[in-house]
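One letter stands for each residue in the lines below.
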Amino acid sequence: MQKEEGIVKIPSHHSVDETVDKLKTILQSKGVTLFALIDHSGEAEKVELKMPPTKLLIFGNPKGGTPLMLAAPSVAIDLPLKILVAEDSQGKVWISYNSAEYLKERHGLPQELLPNIAVVQTLAAAAGE
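Residues numbered from 1 in each chain as written. Predicted model: local features only at pLDDT ≥ 70, side-chain atom pairs only at ≥ 80, totals over all residues. Heavy atoms only, no water.

### Description of helix H3 (residues 62-71)
Step number 1: Among all positions in H3, only Gly-64, Gly-65 and Leu-68 are buried. In a view along the axis of H3, the buried residues occupy a sector of 85°, so they form one face of it. Exposed residues on H3 whose side chains face more than 90 degrees from its buried face are Pro-62, Lys-63 and Leu-70.
Step number 2: Among the structural elements, helix H5 (115-128) are those in contact with the buried residues of H3. (Buried < 20%, exposed > 50% of the residue type's maximum accessible area, 1.4 Å probe, protein only. Helix = DSSP H or I, 4+ residues; strand = E, 2+ residues; numbered from the N terminus. Arc of directions from axis to C-beta. Contact = heavy atoms within 4.5 Å.)

Rendered as structure tokens:
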């Protein structure tokens with residue numbers, strides 16, 4: 001696991017598409033809404049640019065997010081939660097997300113609401129297995 005500027009980066013043992021599919025299945029099984037799936041590399045290809053497979057999942061649950069935004073309205077800029085799945089130049093796939101601790105410090109969130117966003121770590125770890 002790597003951490004820089006509040007971003008946690010863990011390896012995936014799968015391709016980008018397989019990792020994204022695992023995440024989608026996990027989110028659905030937990031009743032979490034997938035608001036968007038952004039295919040950065042697919043969009044680049046449409047304008048004749050090349051980049052390694054790179055996809056961003058944007059997801060959340062109002063039961064978890066709303067109390068956070070009520071406690072610290074600025075957290076809305078970082079919600080819904082996001083997970084980036086990207087292949088590096090060596091073909092290794094990485095899962096990246098904002099650490100809950102970073103978001104807590106950035107927005108002054110109360111400690112008792114941290115579990116509402118800490119779930120991202122569990123989701124990322126399960127998708128990379």
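Structure's up, so let's keep going.
### Re the nonpolar core
Step number 1: Core analysis: the largest hydrophobic core is formed by 29 residues, its most contacted members being Phe-59, Ile-83, Val-85 and Ile-117.
Step number 2: Elements with a contribution of two residues or more to this core: strand E2 (7-11), helix H1 (16-29), strand E4 (54-60), strand E5 (81-87), strand E6 (93-98), helix H4 (100-107) and H5.
Step number 3: Ignoring any residue separated from it by four or fewer positions in sequence, one finds Phe-59 in contact with Leu-27, Val-32, Thr-33, Leu-34, Phe-35, Pro-80, Leu-81, Lys-82, Ile-83, Val-120 and Leu-123. (Core = buried A, V, L, I, M, F, W, Y, C linked by side-chain atoms within 4.5 Å.)

### Brief notes about unusual backbone geometry
Step number 1: In this structure, the amide linkage connecting Leu-79 to the following residue, Pro-80, adopts the cis form with an omega of 0°.
Step number 2: Positionally, Pro-80 belongs in the loop between H3 and E5.
Step number 3: Notably, Glu-48 is not glycine yet its phi reads approximately 60°, a positive angle.
Step number 4: A residue is classified by how much of its surface remains accessible, and Glu-48, at 74% relative accessible area, is exposed.

### Brief notes about the packing of H1 against H5
Step number 1: Contact pair H1 / H5: the axes reach a minimum separation of 8 Å and the direction vectors enclose 130°. The angle between H1 and H5 places the two elements in the oblique class. In terms of crossing hand, the pair formed by H1 and H5 is right-handed. Facing Thr-19, Lys-22, Leu-23, Ile-26 and Leu-27 of H1, the residues of H5 in contact are Leu-123, Ala-126 and Ala-127.
Step number 2: Looking at side-chain class alone, the contact of H1 with H5 contains six nonpolar, one polar and one charged residues. (Axes fitted to C-alpha atoms, helices over the stretch in contact; angles between N-to-C directions. Parallel < 35°, antiparallel > 145°, perpendicular 65-115°, else oblique. Left-handed = near helix turned anticlockwise from the far one by under 90°. Nonpolar A, V, L, I, M, F, W, Y, C, P; charged D, E, K, R; others polar.)

### Description of the environment of Glu-129
Step number 1: Within the element layout of this structure, Glu-129 appears in the segment after H5.
Step number 2: Along the chain, Glu-129 and His-14 lie 115 residues apart, while their C-alpha atoms are 8.0 Å from each other.
Step number 3: Once residues lying within four places of it in the same chain are set aside, the contact partners of Glu-129 are His-13, His-14 and Lys-22.

### Comments concerning the pattern of salt bridges
Step number 1: Inspection of every chain in the model, using the stated rule, returns four salt bridges.
Step number 2: Lys-46 is the salt-bridge partner of Glu-43, the closest N and O atoms lying 3.0 Å from each other. In this pair, Glu-43 and Lys-46 are both assigned in helix H2 (residues 40-46), three residues apart and thus about one turn of the helix distant.
Step number 3: Overall, the relative accessible area of 45% leaves Glu-43 in the partly exposed class. (Salt bridge = Lys/Arg side-chain N within 4 Å of Asp/Glu carboxyl O.)

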